[in-house]
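An overview of the molecular structure
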Amino acid sequence: MPVKEPSSGWLRGVLPLALAAVLAQGDQHGYALVQQLAAHGFGTIRGGALYPVLGRMEIEGLVEARWEPGEGGPGRKVYRLSDAGRARLLEEAATWQRFSDLMDRLLEQVTKEE
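Summarised in this report is the structure supplied together with it. Since this is a predicted model, take the numbers as computed values, not measurements. (Residues numbered from 1 in each chain as written. Predicted model: local features only at pLDDT ≥ 70, side-chain atom pairs only at ≥ 80, totals over all residues. Heavy atoms only, no water.)

**Notes on the pattern of salt bridges**
Condition: Salt bridges are defined by distance alone: a side-chain nitrogen of Lys or Arg within 4 Å of a carboxyl oxygen of Asp or Glu. Secondary structure elements are taken from DSSP: a helix is a run of H or I of four residues or more, a strand is a run of E of two residues or more, and numbering for both begins at the N terminus. Burial here depends on accessible area, computed with a 1.4 Å probe over protein chains only, as a share of the maximum for the residue type. Under 20% is buried, over 50% is exposed, and the range in between is partly exposed.
Taken as a whole and judged by the stated rule, the model has five salt bridges. A salt bridge links Glu64 to Arg80, with the shortest nitrogen-to-oxygen separation between them at 2.6 Å. Separated by 16 residues along the polypeptide, Glu64 in strand E2 (residues 63-68) and Arg80 in strand E3 (residues 76-81) bring together distant segments of the chain. Arg66 is paired through a salt bridge with Glu68; the nearest N and O atoms lie 2.9 Å apart. For Glu68, a relative accessible area of 27% gives the class partly exposed. Put simply, Asp27, Arg66 and Glu68 are held in one network by salt bridges that share partners.

This is the structure in structure tokens:
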């Protein structure tokens, strides 16, 4: 049975946290972020979903962006997780773990009843 991609509603909710986790591993441009997320099972993230989230994260001071010249093509924007972004990532990771544990317990109850 093929692995189903996360629903778009779930993805919208976790995309900032997922982006922060990927950026914690190193600076990336948008296409590389999409590839990293796909490699981790998030499916195909479209630019229309990715770039608004990165823009909001930049406004909030969670990421910093710089332009780098392209190799034989146009330049590209490279994103870096800021210190504030790293602090938020740690907070959100702990919150996510608690939420995930609660959902696991709830779903275990439901699946045991069937």
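**Quick notes on the sheet that holds E3**
Note the following rule: When DSSP finds at least two bridges between two strands, those strands are taken to pair.
Across the sheet, which stays open at both edges, the three strands sit in the order E1-E3-E2 with antiparallel pairing between neighbours. Each having just a single partner strand, strand E1 (28-29) and E2 make up the two edges of the open sheet. Of the pairings in the sheet, the one linking E2 to E3 comprises six bridges and is antiparallel in character. Paired with Ala65 across the two strands is Tyr79, which belongs to E3.

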